[in-house]
Amino acid sequence: MRDFARLYAALDASTAVADKLAALQRYLAQAPAADAAWAVYFLAGGRPRRVVPTALLRATAAREAGLPDWLFDECHQAAGDLAETIALVLPPPASTPGGPGLAQWVEQRLLPLRGEPAAAQAAALAAWWHELDARERFVLVKLIAGGWRVGVSRALVQRALAAHAGIDARLVAQRMIGYTDARTPPTAQRYAALLSRDAPARADDSRPYPFFLAHPLDAGDVADLDERLGARGDWLAEWKYDGMRAQLVRRGGRTWVWSRGEELVTERFPEVCALARALPDGCVLDGEILAWADGAPAPFARLQPRIGRTAPARKVLAAAPVAFVAYDLIELGGDDLRERPQAQRRERLEALCAAAGIAVSPLLDDADWPALAARRAQARERGMEGLMLKHRHGAYGSGRTRTGGLWWKWKVDPLSVDAVLVYAQPGHGRRAGVHTDYTFAVWSRAPADAAEARAAVDAVAARRPPADGAPRLVPFAKAYSGLADAEFAEVDRVIRATTIERFGPVRSVVPSLVFEIGFDGLQRSTRHKSGIAPRFPRMLRWRRDKPLHEADTLATLEALLGGGTAIAAA
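Sequence order as written defines residue numbering, which begins from 1 separately in each chain. Under the rules for a predicted model, residues below a pLDDT of 70 receive no local features and side-chain atom pairs below 80 are neither given nor counted, while totals for whole chains, interfaces and linings still include all residues. The side-chain values count all of the structure's non-hydrogen atoms but skip hydrogen atoms and water molecules.

Colleague: Could you clarify how one ought to interpret the sheet that holds strand β2 (residues 235-240) in this entry?
Modeller: What holds strands together in a sheet is hydrogen bonding between their backbones, with the strands either parallel or antiparallel. By the convention used here, strands pair only if DSSP detects at least 2 bridges between them. What counts as a helix is a DSSP run of H or I of at least four residues, what counts as a strand is a run of E of at least two, and both are numbered from the N terminus. Taken in spatial order, the four strands line up as β1-β11-β10-β2 in an open sheet, and their pairing is mixed. In this open sheet, the two strands that pair with only one neighbour each are β1 (215-216) and β2. Summarising the sheet, β1 and strand β11 (residues 407-411) pair through two bridges and their orientation is parallel. Bridge assignment links His215 to a residue of β11, and that residue is Trp408. The criterion used for residue contact is that any of the two residues' heavy atoms lie within 4.5 Å. For helices, the fitted line uses only the C-alpha atoms of the stretch in contact; every axis is such a line through C-alpha atoms, and the angle between N-to-C directions lies from 0 to 180 degrees. Along the sheet, helix α17 (residues 342-356) makes contact with β2, β10 (386-391) and β11, crossing β2 at roughly 55°.

Colleague: It is not clear to me how the nonpolar core should be interpreted in this structure. Could you clarify?
Modeller: Soluble globular proteins tend to pack their nonpolar side chains together in the buried interior. What makes a nonpolar core is a set of buried Ala, Val, Leu, Ile, Met, Phe, Trp, Tyr and Cys residues whose side-chain atoms join them at distances within 4.5 Å. Each residue gets one of three labels from its accessible area relative to the maximum for its type: buried under 20%, exposed over 50%, partly exposed in between, using a 1.4 Å probe on protein chains only. Phe4, Val40, Trp129, Leu140, Leu161 and Tyr191 are the most contacted members of the largest nonpolar core, which has 67 residues in total. Per-element accounting of this core gives the leading share, eight residues, to helix α3 (residues 33-43). Those residues in contact with Tyr191, other than ones at most four positions away along the chain, are Leu28, Ala33, Ala36, Ala37, Val40, Leu161, His164 and Tyr179.

Colleague: Where do I start with the packing of helix α2 (residues 17-30) against α3 in this structure?
Modeller: Helix packing geometry: the angle between the two helix axes and the distance between the axes. Where α2 meets α3, the closest approach of the two axes is 9 Å, and the angle between their N-to-C directions is 155°. Here α2 is positioned roughly antiparallel relative to α3, judged by the angle of their axes. The way α2 lies across α3 gives a crossing that is left-handed. Residues Leu24, Tyr27 and Leu28 of α2 form the contact with α3, whose participating residues are Asp35, Ala36, Ala39, Val40 and Leu43. Note on angle classes: values under 35 degrees are labelled roughly parallel, values over 145 roughly antiparallel, values of 65 to 115 roughly perpendicular, and the remainder oblique. Rotating anticlockwise by less than a right angle from the far helix to the near helix defines a left-handed crossing, while the corresponding clockwise rotation defines a right-handed one.

Colleague: Explain the pattern of salt bridges here, please?
Modeller: Once their charged atoms are close, side chains differing in charge can pair, the charge on each being opposite to the other. Salt bridge, as used here: a side-chain nitrogen of Lys or Arg that lies within 4 Å of a carboxyl oxygen of Asp or Glu. Within this structure, the stated rule accounts for 34 salt bridges. For Arg170, the salt bridge goes to Glu339, with nearest N and O atoms at 3.1 Å. A residue pair is termed long-range when its members are at least 10 positions apart, and Arg170 in helix α11 (residues 169-175) and Glu339 in the loop between β8 (335-336) and α17 qualify at 169 residues. Taking the relative accessible area as the measure of exposure, Arg170 reaches 48% and is therefore partly exposed. Residue classification places Glu339 among the exposed positions, given a relative accessible area of 57%.

Colleague: Hey, could you run me through the pairing of strand β13 (residues 435-443) in this one?
Modeller: Every regular strand shows the same layout, with side chains that alternate between the two sheet faces. Of all nine residues that make up β13, eight are buried, and the element is covered over most of its length. Strand direction decides the pairing type here: β13 and strand β14 (residues 473-479), joined by six bridges, are antiparallel. Bridge pairing links Val442 to Val474 in β14.

Colleague: For this particular structure, what's the right way to read the layout of surface pockets?
Modeller: A probe as big as a water molecule, rolled over the atoms, marks out the empty space that is left. In the cavity and pocket records, a cavity denotes points on a 1 Å grid over the protein atoms alone where a 1.4 Å probe fits but cannot get out, a pocket denotes an open set with protein on both sides within 12 Å along at least 5 of 7 lines, and lining residues are residues with an atom within 4 Å of a point. Grid points are joined across faces, edges and corners, and a volume is the space filled by probe spheres set on the points. In this structure, the largest pocket spans a volume of roughly 840 Å³. Lining the largest pocket are 30 residues, with Gln158, Ala173, Pro210, Ser398 and Gly399 positioned closest to its centre. Mapped onto the lining of the largest pocket, the elements with two or more residues apiece are α10 (154-165) and α11. If one sorts the elements of the lining of the largest pocket by residue count, α11 sits on top with five residues. When the residues that make up the lining of the largest pocket are grouped by side-chain class, the tally is 10 nonpolar, 10 polar and 10 charged. Amino acids are sorted into nonpolar (Ala, Val, Leu, Ile, Met, Phe, Trp, Tyr, Cys and Pro), charged (Asp, Glu, Lys and Arg) and polar (every other residue, Gly among them).

Colleague: Looking at this model, I keep getting lost on the packing of aromatic side chains. Mind explaining?
Modeller: The geometry of an aromatic ring pair is captured by two quantities: the separation of the ring centres and the angle between the planes. Whether two aromatic rings pair depends on their centres lying within 6.5 Å, for rings of Phe, Tyr and Trp, where Trp uses its six-membered ring; planes under 30 degrees apart make the pair stacked, over 60 edge-to-face, and the rest tilted. Across all of its chains, the model carries 14 aromatic pairs by this definition. Ring centres of Tyr41 and Phe42 lie 5.4 Å apart, and the angle between their planes is 80°; this geometry places the pair in the edge-to-face category. Judged on exposure class, the residue Tyr41 and its partner Phe42 are both buried. Taken together through their ring pairs, the aromatic side chains of Tyr438, Phe440, Phe488, Phe515 and Trp542 make up a single cluster.

Colleague: Is there a simple way to explain the side chain of Gln247 in this structure?
Modeller: Mapped onto the elements, Gln247 comes out in strand β3 (residues 244-251). Polar contact criterion, stated in full: a pair of N or O atoms within 3.5 Å, where within protein one must be able to donate a hydrogen and the other to accept it, and residues adjacent in sequence count only if both atoms are side-chain atoms. Reaching out from Gln247, the side chain makes a polar contact with the backbone oxygen of Tyr209 at a distance of 2.7 Å. If we ignore the near neighbours within four places in the chain, the residues touching Gln247 are Pro208, Tyr209, Pro210, Phe211, Trp256, Val257, Trp258, Val284, Leu285, Asp286, Ile330 and Tyr396.

Colleague: Looking at this structure, I do not really get the environment of Leu82. What am I missing?
Modeller: Looking at where Leu82 falls in the secondary structure, it is placed in helix α6 (residues 82-89). For Leu82, a relative accessible area of 13% corresponds to the buried category. Spatially, the C-alpha atom of Leu82 lies 50 Å from that of Glu227, the residues being 145 residues apart in sequence. Ignoring sequence-local partners within four residues, the contact set of Leu82 consists of Thr54, Arg58, Phe72 and His76.

Colleague: How should I be thinking about unusual backbone geometry in this particular structure?
Modeller: Phi angles above zero are rare outside glycine, and Glu262 is one such case at about 60°. On the secondary structure map, Glu262 appears in the loop between β4 (254-259) and α14 (270-276). With a phi angle near 55°, Arg463 is a residue other than glycine that sits in the positive phi range. With respect to the helices and strands, Arg463 occurs in the loop between α19 (450-461) and β14.

Colleague: Is there a simple way to think about helix α8 (residues 118-129) in this case?
Modeller: Residues lying three or four places apart along an α-helix face the same way, a consequence of the helix completing one turn every 3.6 residues. A helix's residues, less one, multiplied by 1.5 Å, set its expected span. A rise of 1.5 Å per residue sets the reference length of α8, with its 12 residues, at 16 Å; its end C-alpha atoms lie 17 Å apart and thus fit the reference within 8%. For α8, the full list of buried residues reads Gln121, Ala122, Ala124, Leu125, Ala126, Trp128 and Trp129.

Colleague: Please explain the pairing of β2 as it appears in this structure.
Modeller: Of all six residues that make up β2, six are buried, and the element is covered over most of its length. Pairing geometry for β2 and β10, over six bridges, is antiparallel. Bridging across to β10, Lys240 finds its partner in Gly386.

Colleague: Teacher, can you tell me more about α2 here?
Modeller: The first and last C-alpha atoms of α2 sit 21 Å apart over 14 residues, in line with the 20 Å expected at 1.5 Å per residue. Along α2, the positions that sit buried rather than exposed are Lys20, Leu21, Ala23, Leu24, Tyr27 and Leu28. Taken around the axis of α2, the buried residues stretch over an arc of 160°, which confines them to a single face. Seen from the open side of α2, the exposed residues pointing more than 90 degrees away from its buried face are Ala18, Arg26 and Ala29. Looking at the buried positions of α2, the neighbouring elements they touch are α1 (2-13), α3, α7 (102-113), α10 and α12 (188-195). Think of it as the arc spanned by the lines of direction from the helix axis to the C-beta atoms.

Printed below as a string of structure tokens:
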């Protein structure tokens, strides 16, 4: 545990990729294989099922620190991170040099604690905290509660492993598919297989390939695209679908479906598996699973019930049918095609899917960039997110990389409304102590003028209900990104000066600030008082120029909801 805690501290101490890579390599060079196996698992995104409830962690830490609950909560609010709070408030540990390694901690202590009575869990936590220094306590709580924020990507872990073993990072990426699946814990043997010069690229027939990810394209002036991307004829263009990215694997007479998050989702999509029976063995397709209605893609909200169920009942299958649309062929006849040019893979994909009866994402034949930009403008009304651009000579890469081929996602501009900040709470990590997580509201109806809006705000400040028929502010979205640090600090000062009430870390404020909120779409929701929830909300800008009474209304959201869900044939 001590060595892993030192690694975590080193990774957290620098933002430089070279420093993080060096720290990872130092750790891998001296760590026992069993410990390294778990370290790679956690840093690459693995997270076993929670073994201790968060409430028990908090209560035990407060008791061991001799703090009343309210004071512990105040400390948590100031620190902004539960693990950091616990590490700081506990008394100094007994002097215990050494101690178990990471694998022993996880396998012999943490995992057996799951399901134990609360009293036994609390006693174990208290005993362990007395063995560990503050840095180790911090890491232990992170192992229990999750929420790693150390600035290490999966790709960086793969680079470190490749450098340590002296092998290609793409080979490590291939072998790591499924490594962070909680159902298969990491072992020294699995770790050794990642590093081996002789082991096969994949562990078994079920494994997909690392997904190739596109870079966002800032279109800017369409007239400049010839200069920035080259000739339009060098690029294949397709719609960017609003579904779930997936690889369809057919080997040895069996089918597997993997999500982009490297989760095996075969049982959730029996229709997709049925399609695959017509494919030959040794075949892997990359594509999109889409909600489907009336022969065309349906909004993503229709797909969500399927994503959240491991084995959907017949009723769910009937209510939310899906389709698989293929757009790349990365294995055929057992041969890895990733280094073949995009256009060649596309040609073979079309022939294969025509014979198997599987839909292929259609290519768009617009002759030049302005014509393609005009096509992109139709994306939202067709239920698409925008366009995908793929260089016809590019290979199929690994992860989000510019080498070996180019994929760009040219998304439509976000929908947006002007909304009013009504609640705020502090952020986490370096933003702890600064209010950066905001709840925004729109008017139930447009105020007649500034005076009517002012009366509504005065009612909020006085904590009295609005007058009958008066406009009121209805929460509809939460957002925490989009502002610069200086703007967050300025908004934080306004929040502190205009706080009405506190609910734990959350403050209600006198409405005074208007922001333009961007989002990719809207759907019905029971979680917000508005009955509407946005997808991927973020702050586009602080509307200092916008008076409160000119903020948008529920009617605006309803109009966008109606316009954003119209579907046309692709």
